[in-house]
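Next come the chains, spelled out residue by residue.
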Amino acid sequence: MEHRLLRHFLALVETLHFSRASEMVHLSPSALSRSIQQLEARLGSQLFVRDNRHVELTPAGKLCAEYARDALHQWDSLKNRLQAQAQELQGEISVYCSVTASYSFLYQLLDRFRARYPLVEIKLHTGDPAVALQHVIQGEEDIAIAARPDQLPPAVAFRSIGLSPLVFIAPRQEPMIDRLLGQELKDIDWSQLPMILSEQGLGRQRVDAWFRQKALKPKIYAQVSGNEAIVSMVSLGLGVGVVPQIVLDNSPLIDRVKILPVTPHLAAYDVGVALLKRKLHNPLIQAFWDLIDEPAEQP
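Predicted model only: the values in this text are computed from it and were never measured.

Asker: Residues and numbers for empty space enclosed by the protein, please.
Answerer: Overall, the coordinates contain 1 cavity of 30 Å³ or more when judged by the stated rule. As for the largest cavity, its lining consists of Ile 196, Leu 197, Ser 198, Gly 203, Arg 204, Val 207 and Val 242. Among the secondary structure elements, those contributing two or more residues to the lining of the largest cavity are β7 (194–198) and α9 (202–213). Residue composition of the lining of the largest cavity, by class: 4 nonpolar, 2 polar and 1 charged.

Structure representation (structure tokens):
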């Protein structure tokens with residue numbers, strides 16, 4: 001059905017007056033009357049009861065009014081979306097993540113985003129993943145690659161992009177550490193084993209809960225910012241640490257440390273993209289958000 005006829009019809013529905021409705025749609029009253037008659041003929045129903053002084057909707061006219069409003073709304077929405085897509089997005093968005101995330105989880109997303117929206121500038125900031133969500137919540141960054149917390153703040157939207165186990169690591173060869181580790185897991189002297197842990201964040205929370213579950217108090221040698229620093233200090237033989245597997249897999253020091261198969265296992269990191277829900281009104285951020293669930297193109 002022609003949208004032109006529906007718009008003419010809704011003008012008369014709104015005014016219930018041929019002269020005022022004809023002015024709204026820039027037609028003569030006789031031309032508007034012909035449009036209404038044409039619509040009634042196509043539907044096979046009378047839409048208005050009218051005489052020289054009065055115009056009133058029939059039951060069929062009320063149903064048609066509902067349809068007309070919905071159809072025109074959908075049509076206008078479609079046109080707006082297509083016009084927005086046709087216009088190349090421009091501007092900038094800021095992204096925060098760890099160094100490891102920048103060349104693992106984030107790399108493919110940024111590669112695809114830049115190919116599709118070359119005029120959008122990405123400002124990438126790296127740092128301690130433990131504070132990634134804080135940067136988003138405080139409005140310092142638009143987007144963060146972060147581990148999903150046990151309680152996600154209501155204002156934050158999160159989409160998962162991968163899982164990474166949280167593992168205990170020890171230096172591959174260090175006599176003092178090997179002596180404390182013992183021959184079997186049950187022989188580990190946790191009271192004397194130096195631990196290198198994150199200062200804060202989800203990883204630290206899970207390690208602390210793990211030690212509480214075992215009724216143990218860790219001997220903390222150092223508290224550091226960033227998982228890469230933990231791998232570095234462990235590789236130097238300074239103690240045992242806990243890091244996400246993805247950090248270890250991408251570390252140049254991977255051959256100098258080993259994973260300890262301790263139990264119970266720590267819960268894996270659910271790594272994903274986090275942002276404030278209200279920022280999804282920004283077309284640039286919405287475009288990045290929509291890209292997450294799209295399947296990557298096969299080479």
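Next comes the rest of the description.
Asker: Go over unusual backbone geometry, please, and point to the residues and values.
Answerer: Residue Pro 264 is bonded to the preceding Thr 263 through a cis peptide linkage, with omega at -5°. Following the sequence through the fold, Pro 264 ends up in the loop between β10 (257–260) and β11 (266–276). Non-glycine residue Leu 16 carries a positive phi angle of around 50°. Take Leu 16: it is sitting in the loop between α1 (3–15) and α2 (18–24). The phi torsion at His 26 lies on the positive side, around 60°, for a residue other than glycine. In this structure, His 26 sits in the loop between α2 and α3 (29–43).

Conventions and cut-offs
- Residues numbered from 1 in each chain as written.
- Predicted model: local features only at pLDDT ≥ 70, side-chain atom pairs only at ≥ 80, totals over all residues.
- Heavy atoms only, no water.
- 1 Å grid on protein atoms, 1.4 Å probe; cavity = no way out; pocket = protein on both sides within 12 Å on 5 of 7 lines; lining within 4 Å.
- Points joined across faces, edges and corners; volume = space filled by probe spheres on them.
- Helix = DSSP H or I, 4+ residues; strand = E, 2+ residues; numbered from the N terminus.
- Nonpolar A, V, L, I, M, F, W, Y, C, P; charged D, E, K, R; others polar.

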